Amino acid sequence: MSAPLYQLKAEFFKTLGHPARIRVLELLSERDHAVAEMLPVVGIEPAHLSQQLAVLRRAGLVASRKEGATVIYSLTSPRIAELLAVARGILTGVLSEQAGLLDDLRASGRPGSS
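## What about the environment of arginine 58?
The topology assignment puts arginine 58 in helix H4 (residues 46–58). In sequence terms arginine 58 and proline 4 are 54 residues apart; their C-alpha atoms lie 20 Å from each other.

Following this line, the structure appears as structure tokens:
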């Protein structure tokens with residue numbers, strides 16, 4: 001018997017639950033990258049980046065191909081980039097709302113305000 005859809009979704013989002021993996025997916029949303037290109041941008045040790053890429057590969061989110069001695073990574077679906085864009089939009093809305101609340105709190109704490 002296969003796992004329920006909600007369980008598969010939870011595993012999918014757990015795979016996305018690491019900042020380095022999100023950063024890798026953001027980079028690959030722009031274009032395909034070699035590991036050496038990603039290292040300075042992601043800012044983690046090469047062994048750690050390899051581990052994170054392996055997690056993404058096992059989850060089917062990225063694919064790799066060899067060009068000579070270089071391994072190039074790419075997204076397996078453009079919908080991954082769409083998901084990241086949707087997440088950015090949601091976070092922008094949440095943070096904007098929180099900034100508005102913070103402004104309201106600051107304004108209400110000023111002398112002479114009600």
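## Some thoughts on the pairing of strand S3 (residues 70–75)
For strand S1 (residues 33–34) and S3, the ladder comprises two bridges, and the chain directions are antiparallel. Residue pairing across strands places histidine 33 opposite tyrosine 73, the latter belonging to S3. Examined bridge by bridge, strand S2 (residues 62–67) and S3 share six bridges and lie antiparallel to one another. Pairing of glutamate 67 across the sheet is with threonine 70, part of S3. The loop that links S2 with its antiparallel partner S3 comprises two residues; one of these, glycine 68, has a positive phi angle of about 70 degrees.

## Here we look at the sheet that holds S2
Read across the sheet, three strands follow the order S1-S3-S2 without closing on themselves; strand pairing throughout is antiparallel. Edge positions in the open sheet fall to S1 and S2, since each of these has one partner strand only.

## Considerations on the confidence of the model for the protein chain
In the predicted model, the protein chain carries a mean pLDDT of 92, and 96% of its residues have values of at least 70. For the protein chain, the element scoring lowest by mean pLDDT is helix H5 (residues 78–108), at 90; S1 scores highest, at 98.

## Thoughts on the nonpolar core
Within the largest apolar cluster, 17 residues are counted, with the highest numbers of intra-cluster contacts made by Val24, Leu25, Leu28, Met38, Val42 and Val62. No other element matches helix H2 (residues 19–30), which puts five residues into this core. Setting aside anything within four residues of it in sequence, one finds valine 62 in contact with Leu25, Leu28, Leu53, Leu56, Arg57, Tyr73, Ser74, Leu75 and Thr76.

## Describing the side chain of histidine 33
Mapped onto the elements of the fold, histidine 33 is located in strand S1. Polar side-chain contacts of histidine 33 include one of 3.4 Å to the backbone oxygen of leucine 27. Here the side chain of histidine 33 touches arginine 31 through a polar contact of 2.8 Å, landing on its backbone oxygen. Those residues in contact with histidine 33 that lie beyond four places of it in its chain are Leu27, Leu28, Met38, Val71, Ile72 and Tyr73.

What counts, and where the lines are drawn
Residues numbered from 1 in each chain as written. Predicted model: local features only at pLDDT ≥ 70, side-chain atom pairs only at ≥ 80, totals over all residues. Heavy atoms only, no water. Helix = DSSP H or I, 4+ residues; strand = E, 2+ residues; numbered from the N terminus. Pairing = 2+ DSSP bridges. pLDDT = per-residue confidence, 0-100. Core = buried A, V, L, I, M, F, W, Y, C linked by side-chain atoms within 4.5 Å. Buried < 20%, exposed > 50% of the residue type's maximum accessible area, 1.4 Å probe, protein only. Contact = heavy atoms within 4.5 Å. Polar contact = N/O pair within 3.5 Å; in protein donor to acceptor, adjacent residues only side chain to side chain.

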